[in-house]
Amino acid sequence: MNMPNIDPVLLHLGPLEIRWYALAYIAGIVCGWLYIAALVKKENLWAPRRAPVSSAQLDDLILWITLGIIVGGRIGYILFYDASIIWKQPLEVFMIQHGGMSFHGGFTGVAVATILYCRAQKFTLPRMLNLGDLLACAAPIGLFFGRIANFINGELWGRVTHVPWGMVFCNQYIEKQYNDVCPAGLEPRHPSQLYEALGEGLLLFILLWVLASVYRKFNRPGLIMGTFIAGYGIIRILLENVREPDAQMLPFFKNIITMGQSLSLVMVAVGGFLIWRALKTPVPEPEAEPEAPVETAELDG
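Residues numbered from 1 in each chain as written. Predicted model: local features only at pLDDT ≥ 70, side-chain atom pairs only at ≥ 80, totals over all residues. Heavy atoms only, no water.

(A) Focus on the side chain of R189. Tracing the backbone through its elements, the reader meets R189 in the loop between α6 (172-177) and α7 (192-214). R189 sits in the buried class, given a relative accessible area of 11%. Among all residues touching R189, those that are not within four sequence positions of it are W157, G158, R159, V160, T161, G166, M167, F169, A184 and E244. (Helix = DSSP H or I, 4+ residues; strand = E, 2+ residues; numbered from the N terminus. Buried < 20%, exposed > 50% of the residue type's maximum accessible area, 1.4 Å probe, protein only. Contact = heavy atoms within 4.5 Å.)

(B) Representation of the packing of aromatic side chains within the structure. Tallying each qualifying case throughout the model produces 12 aromatic pairs. For the pair F151 and F169, a centre-to-centre distance of 6.1 Å together with 80° between the ring planes defines the contact as edge-to-face. Of this pair, F151 sits in helix α5 (residues 125-153) while F169 sits in the loop between α5 and α6; the two residues are 18 residues apart in sequence, bridging distant segments of the chain. Each member of the pair, F151 as well as F169, is classed as buried. Each member of the aromatic cluster is reached from another via a ring pair, and the members are F103, F107, F228 and Y232. (Phe/Tyr/Trp six-rings, centres within 6.5 Å; stacked < 30°, edge-to-face > 60°.)

(C) Quick peek at unusual backbone geometry. Between A47 and P48 the backbone carries a cis peptide bond, its omega angle lying at 5°. Mapped onto the elements of the fold, P48 is located in the loop between α1 (20-41) and α2 (55-80). Despite not being glycine, D180 shows a phi value in the positive range, around 65°. Its location among the elements puts D180 in the loop between α6 and α7. Note on D180: relative accessible area 66%, which makes it exposed. Positive phi is not limited to glycine here, since R216 has a value of about 50°. If you trace the backbone, R216 turns up in the loop between α7 and α8 (223-239). Owing to a relative accessible area of 41%, R216 belongs among the partly exposed residues under this scheme.

Structure, rendered in structure tokens:
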């Protein structure tokens, strides 16, 4: 099976290129934003407590999260996968439209941005954890779109395989980009990007939707977030076995355990701790509403 001839550039507007990769980030952020906004408005999911943020606060938070995704994702890719960019092609550091974003870096960036936002707003710990639960519900949406974009770009392909659905990652656009050469070769490979879209995207989304909307587990702050973090780690560890390691990885991270698996093991541990903590901690009491100021009438005279 040959890879479809899909141009990674959706539109050419003179010197400006609108790429599927960029649209995937936009779609993930916007759709995730809309989904979170809908969850915030469903008071029955939070009763007897309140959603951790109001609609206005959510609008402010999205900017923090967007910066965390972009900055963290790029820095993470360079540090974890290809630090040589810094001294070989320093300007390429800023060319995120060419690909080269790390989920683990983006996740770290979002975590840092969210913690800073919560500190600025003076959130309590249960409220901060609930905000993490809320963001976790939307994260698989972005992962789904991102992996589809990886497939369209013909990057992050799988290992060589003989399964019937194996795919040759070569088409006219890849050949054009790499001077008539297809980096993945002409052997069928696992379409690991599609596996990840289904596992990290669709499967995790359904699991978190069930926890949030069916079992209403927002009353256990940190549980949904922990499930996402551990669930992603487990799925990524399993799928790394059919994904070709990045060429620039050190031999240890290519032949023994991949960088993705190493980082995902940490996620499984952190997610497991959050789940354990959420289940052993008593359900928090509703936060007291701020008292309205008492109006006093002024006396004449």
